[in-house]
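Descriptive structure summary
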Amino acid sequence: MSTYVLNLITVRLLIAALTLLIVSFAVFFATAMLPGDTATILLGQAATPEAVAGLRSAMHLDDPAYLRFLRWLVGLFRGDLGTSYVNNVAVADLIGGRFVNTMRLAGITALFSVPLALTLGITAAMFRGSLYDRAVTILTIGIISIPEFMVATSAVLVFSVYLKWLPALSFANDVTSIGQMLKVFAMPVISLTFVVAAQMIRMTRAAVIDTINTPYVETALLKGASRPRMVLRHALPNAVGPIVNAVALSLSYLVGGVIIVETIFNYPGIAKLMVDGVATRDLPLIQTCAMIFCVGYLSLITLADIIAILANPRLR
Amino acid sequence: MTPSVTLAQKFGYRFSWVGMIGLSIMLLWGIMALIAPNIIPHPVGEIVDEDYFGAISSRFWLGSDYLGRDMLSRILMGARYTVGISLAAVSIACFSGVVLGMTAAVVGGWFDAAVSRFLDAMNSIPGKLSGLVVVAAVGSSITVLIVTLAVIYTPGAYRFARALAVNINTMDYITVARTRGEGLVYIIGSEILPNIIGPVLADLGLRFVFIVLLLSGLSFLGLGVQPPYADWGALVHENVGGLPFGAPAVIVPSLAIASLTISVNLLIDNLPQKIRDRSA
Amino acid sequence: MENLVEIRDLKVEATTDSGRRVDIIKAVSLDIAPGEIVALIGESGSGKTTIALTLMGYTRSGCRICGGQVRIAGKDMVTLSERERAGIRGTQVAYVPQSAAAAFNPAMRIIDQVIEISRIHQLMPDGRARLKAIDLFRALSLPNPETIGSRYPHQVSGGQLQRLSAAMALIGDPKLVIFDEPTTALDVTTQIEVLRAFKAVMKKGGISGVYVSHDLAVVAQIADRIVVLRNGEVQEAGTTAEILTCAQHPYTRELLAAFEPKPRDHEIGVEDRKVLLEVSDLVSGYGPIQADGLPLVQAVKDVSLTVKKGRNLGIIGESGCGKSTLARTIAGILPAYSGNLLFDNRELAGTVRQRSRDQLRDMQIVFQYADTALNPEKSIEEILGRPLQFYHGLKGKQRDTRIDQLLDMVHLPKSLRHRRPQELSGGQKQRVNFARALAAEPKLIICDEITSALDTVVAAAIINLLKELQRELSLSYIFISHDLSVVEAICDEIVVMYGGRKVEEITPAQLKAPQHPYSKLLFSSVPKLDPAWLDALELDPELVRTYGHT
């Protein structure tokens, strides 16, 4: 690997770090500095001004904004995620097991959706304009046009209400057999796979078609290459960067999807925890959950960029 | 010649029938949102059916909801909120994004770098997450929703417009205008904007779809439009208890959202290549 | 002798954006004998590449063969199945593209792409194919034939890639090779080597060829017969000697006339003209500024020159020599890092922003590609009207009258004023481009390769227009070009640039006897209509090594 490539990757990592800093500031700004005074939230509208003032100073709420931001950031780095406003439990304890649940759901979804989407996206591009391609296109437009909750509720309607194959609700805690696990994960995973795969298919197809339209693929055709050879040997290796990007961007739809899907299926993950936290305005919990999702998203995008740099033949 | 005239010329012909269907459904919902208060068969807040989750009947064309209110009336009124909030948010987002994007492309240098870096960072917060965070911090009102949705989708509009404007900015006619001594406003307004207006409007349509979906998602979680008002997402939220019986009250609002978003997507997908083309 | 290729009544139609169908090839017939090289010559849009591609049974997207036959060794490419065509591509007919840089897959090593035809059609074991490729590299006089194949396309030069793409086409021992403007993107000094290599391998292997080009002089060196095309129809066909010496068709004659030397009229009282622009020790370039205050890439190094009132200065050199950067620096588009600009006896600031409006008005720049220099969303009226309003405050009727005058000056009909650039032909667009500069009423116009993107005949007309306007308006031009004949036709002084430096300054009269070795190489590399020119040309190999880009 040349030093030039190393430099590019270093720059990419630095950008990711800077982005994370801006993002954490935005999250902090939105939750801690917008109107809606934390002390008032905690004590309720009926609290006396003295009580509010007392709590404000106890929580350092009167300190300058940058100091509070720094204190919060340092806490995050140390793993001190704060204490829930609602039940005084450490946020880290609230999140613990639920984080694993969410990762499991996301992981299983990725395992299904990525191979499915790549196959459909690449073959649709290969047979561009065919009936098959048009069917895939219409189906994916349909799915990305409807809200995630509609995908999930339709899945419930079909599989639970009419076919009665699967339970409508998930509880990841009482999984003892493979059969049960299948039942618990089937619906959330099916719903999420639809949402994520549709995006991924569209973007993969577009990326491959872009490379098919290049002069070097035309050259391959004029050498007598078959269609699969043109696509697999000539177009695909050059589409790796865009495809990896498509996969990363689509997987980030998992974040939005997970929030809806965990709520609908009552799945005990951090997204459900966060939505419940919003209802009770539990700011430390929300800040932490938001940061977890942002870090996850940023890592995916950064990883995709680095793979794209490594896959670029011009940088070899 | 003004940009609107050139657009009219471009839009004048070559519309496929699929695109026409998309356009008609879009317009239909737009008109419904405008005239809804005058055509609803029953008052939206009033319990008119003795049955809850009532089936489709000649009296209640789309059934009744979890309290026995008329769904047709609630859907028609819901269109006002879904279409209205989304339209307001997308207009703000695209206006600010496009103006900033063109300025950054033309000015370049540290201004471009700073704005791009900042907005890219904002863009890396998933939309639904920002929605949740803001609602948690300041609560949910229609104004908050519009501003939040607009802020969430400004970076995307910026990025899109900047990418187009950067391409145009390398054209020799921009160099000619610069060497003539033209200022920023002329270059942005007269030289760049007419060349990107088509793709920008198509992008506005796509962003409208994203905003409708995000708004519906937030409302579905009970964090968007609050009672007594209800947009289509909130209607699904209210009536989700009817899901086990397959009640029309939970299915119909979803279909309403789908009909709007799919028709916008169909229209955009069937626009002439020239307008859709990102590199144009 | 049986013909290898027989095209009969070939018709190709294209579907436009709005769904209309247009015939782009109208009943073309032509034959190619075994071992014969036939050139298809014509301007852009004449259908020459389209016809060449039908020889492989292929049309670009949006086009379709809708009639006629294309027989190769007895088989009709039009009626064959796609699978049968694929079997013929690469083995019987092969293709050398215009831009080899784009035609090579950036993700594959060169050797794998060169022997791919052998792999696809299973012609021979890979080991043998590699040896054959190396032989071809040697025959095409490529440097390091044993190892050049293990590189990636972006690691070799343009001239080398062009020859490598010929090796790629020849690996399957085709009976017919199609060359699609293979030297158009190359510099003249590089073109010679590539042309020689092509000619040698084709003659040695007795291979038939189709050579698509717009350049008669290049074609004269390599083709046995020439077919002149225009608007999808054959205008004239004949042996190379016939076409060059006794062309019948008026269009062919126009093409030939563009090659005749057009000496500049000698004017009187040349000596006592005032200096309009004086450039001294100019340095400019791109990239971040280094510690010594100079940019990372110095594209122009210590260039000094003067332009006198009513006189023209030509700047000539190959791609990358810094001539365009120099033009842009003078115009204030790029900042100068050191050196002085004196215009009309007044100091000229480095960038557009620091110059006064009158200074900007006095010096106008016209770019090579009218397509990118004219805003496609504006009418001709708006394009010409803006400088009138901006510099002279003209409005309403005054402005309209002036626009009509300007159109008249560049010999365009007034009816064009409501059109948009894309509705105009290439030559018309370039005239509008020029008229916009005239609208400012400048003293100096910098012309950056303004004829290079135009077809020969159209370019000649533009040059005549420039001369005419100069007489009427007492303008000065700085004329930048890579094309010696153009510069010769219009300039009083010629500056030769190489590697960012001015290597020589000469007058057209001295063109035959340049002093600097690079000028000698450059001038002697310009192809001549004489078919024996290439074979007779002897270039000093030392010079080629020092200055050539191969």
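These remarks concern the structure in this document. (Residues numbered from 1 in each chain as written. Chains lettered and ligands numbered in written order. Predicted model: local features only at pLDDT ≥ 70, side-chain atom pairs only at ≥ 80, totals over all residues. Heavy atoms only, no water.)

**Brief notes about the overall build of chain B**
Broken down by element type, chain B carries 11 helices and zero strands. Reading the helices (α) and strands (β) of chain B from amino to carboxyl end gives α-α-α-α-α-α-α-α-α-α-α. The 280 residues of chain B split such that 56% are buried. When contacts within chain B are restricted to residue pairs at least 6 apart in sequence, long-range pairs at least 24 apart make up 70% of them. In chain B, which carries 16 positive and 16 negative side-chain charges, the distance between the mean positions of the two groups comes to 10 Å. (Helix = DSSP H or I, 4+ residues; strand = E, 2+ residues; numbered from the N terminus. Buried < 20%, exposed > 50% of the residue type's maximum accessible area, 1.4 Å probe, protein only. Contact = heavy atoms within 4.5 Å. Lys, Arg positive; Asp, Glu negative; His and termini not counted. Charge placed at Lys NZ, Arg CZ, Asp CG, Glu CD.)

**Describing the interface of chain C and chain A**
With 25 residues of chain C in contact, the opposing surface of chain A contributes 17 residues. Between lysine 223 of chain A and glutamate 116 of chain C there is a salt bridge, and its shortest N-O distance comes to 2.8 Å. Taken together, chain C and chain A are joined by 11 residue pairs in polar contact (both at pLDDT 80 or more). Of all the elements in the fold, those that place two or more residues in the side of chain C that touches chain A are α3 (100-103) and α5 (116-120) of chain C. Per-class residue counts for the side of chain C that touches chain A are 15 nonpolar, six polar and four charged. (Salt bridge = Lys/Arg side-chain N within 4 Å of Asp/Glu carboxyl O. Polar contact = N/O pair within 3.5 Å; in protein donor to acceptor, adjacent residues only side chain to side chain. Nonpolar A, V, L, I, M, F, W, Y, C, P; charged D, E, K, R; others polar.)

**Things to note about the packing of aromatic side chains**
Overall, the coordinates contain 16 aromatic pairs over all chains when judged by the stated rule. Ring geometry for tryptophan 110 of chain B versus phenylalanine 111 of chain B: centroids 6.3 Å apart, planes at 80 degrees, classification edge-to-face. In this structure tryptophan 110 of chain B comes out as exposed when scored by relative accessible area, which is 70%. Here the aromatic residues Phe25, Phe28, Phe29, Phe69 and Trp72 of chain A are joined through ring pairs into a cluster of three or more. The ring of phenylalanine 390 of chain C carries arginine 357 of chain C above its face, with NZ or CZ at 3.9 Å from the centroid. Over the ring of tyrosine 186 of chain B we find arginine 386 of chain C; its NZ or CZ atom is 3.8 Å from the centre of that ring. (Phe/Tyr/Trp six-rings, centres within 6.5 Å; stacked < 30°, edge-to-face > 60°. Lys NZ or Arg CZ within 6 Å of the ring centre and 35° of its normal.)

**Brief notes about the interface of chain A and chain B**
The parts lose accessible area when they come together, and the size of an interface is often stated as this lost area. The interface is formed by 44 residues belonging to chain A together with 37 residues belonging to chain B. Per-residue buried area on chain A facing chain B is highest for Ser145, Phe149 and Val278 of chain A; these three make up 16% of the total on that side. For the pair chain A and chain B, the number of links is two salt bridges. A salt bridge links lysine 128 of chain B to glutamate 148 of chain A; the shortest N-O distance between them is 2.7 Å. (Buried area = accessible area lost by both parts, 1.4 Å probe.)

**Brief notes about the sheet that holds strand β2 (residues 21-32) of chain C**
All names here are of chain C. Taken in spatial order, the four strands line up as β2-β1-β4-β5 in an open sheet, and their pairing is antiparallel. Strands at the two margins of the open sheet, each flanked by one partner only, are β2 and β5 (75-76). Two strands pair when backbone bridges link them, and strand β1 (residues 5-15) and β2 are joined in this way by eight bridges, in the antiparallel orientation. Its bridge partner lying in β2, glutamate 13 is registered against aspartate 23. (Pairing = 2+ DSSP bridges.)

**Let's talk about the pattern of salt bridges**
Residue and element names in this part refer to chain C. Within this structure, the stated rule accounts for 47 salt bridges over all chains. Where lysine 323 meets glutamate 449, a salt bridge forms, and the shortest distance between an N and an O atom there is 3.6 Å. With a gap of 126 residues between them, lysine 323 in helix α12 (residues 323-330) and glutamate 449 in the loop between β17 (444-448) and α18 (456-473) connect regions that are remote in the sequence. According to the relative accessible area criterion, lysine 323 is buried, its value standing at 7%.

**Some points on a nonpolar patch on the surface**
Residues Leu27, Ile31, Leu34, Ile35 and Ile39 of chain B make up a contiguous nonpolar surface patch of about 470 Å² in total accessible area. Examined against the element boundaries, leucine 27 of chain B turns out to sit in helix α2 (residues 17-39). (Patch = residues over 30% accessible without salt bridge, like charges linked within 9 Å, V, L, I, M, F, W, Y side chains within 5 Å. Areas by Shrake-Rupley, 256 points an atom, 1.4 Å probe, with all protein chains shown as cover.)

**Observations concerning helix α7 (residues 158-170) of chain C**
Given a rise of 1.5 Å per residue, 13 residues ought to cover 18 Å, and the 19 Å separating the end C-alpha atoms of α7 of chain C matches this to within 8%. Within α7 of chain C, 12 of the 13 residues are buried, leaving the element largely enclosed by the surrounding structure. (Expected span 1.5 Å × (residues − 1).)

**What to know about the packing of helix α5 (residues 91-126) of chain A against helix α10 (residues 227-251) of chain A**
Residue and element names in this part refer to chain A. Remark: α5 packs on α10, axes separated minimally by 10 Å, with the N-to-C direction vectors making an angle of 140 degrees. In terms of orientation, α5 and α10 fall into the oblique class. Relative to α10, the crossing made by α5 is right-handed. For the pair formed by α5 and α10, the contact residues are Ala110, Val114, Leu118, Ile122 and Met126 on the first element and Arg227, Pro228, Val231, Leu232, Leu236, Ile243, Val247 and Leu251 on the second. (Axes fitted to C-alpha atoms, helices over the stretch in contact; angles between N-to-C directions. Parallel < 35°, antiparallel > 145°, perpendicular 65-115°, else oblique. Left-handed = near helix turned anticlockwise from the far one by under 90°.)

**Quick look at the packing of α10 of chain A against helix α11 (residues 253-264) of chain A**
All names here are of chain A. Two elements in contact, α10 and α11, have axes whose closest approach is 4 Å; the angle formed by their N-to-C orientations is 25 degrees. Judged by the angle between their axes, α10 and α11 are roughly parallel. Contacts between α10 and α11 pair Leu249, Ser250 and Leu251 from the former with Tyr253, Leu254 and Val255 from the latter. Looking at the contact of α10 with α11 residue by residue, the class counts come to five nonpolar, one polar and no charged.

**Quick notes on the sheet that holds strand β15 (residues 346-347) of chain C**
All names here are of chain C. Strands sit in the order β12-β11-β14-β15 across an open sheet of four strands; the sheet is antiparallel. In the strand order of this sheet, the two ends are held by β12 (295-308) and β15, each with one partner. Inspection of the sheet shows strand β11 (residues 275-289) paired to β12 by nine bridges, in the antiparallel sense. Bridge pairing in β12 places leucine 282 opposite valine 303. Contacts between α12 and the sheet are confined to β11, β12 and β14 (338-343), with β11 contributing the most and set at about 110 degrees to the helix.

**Comments concerning the pairing of strand β7 (residues 176-180) of chain C**
All names here are of chain C. Among the five residues in β7, five count as buried, and that is most of the element. Two elements, strand β6 (residues 93-96) and β7, share four bridges in a ladder whose sense is parallel. The partner of alanine 94 across the bridge, within β7, is valine 177. Note: β7 against strand β8 (residues 208-213), five bridges, orientation parallel.

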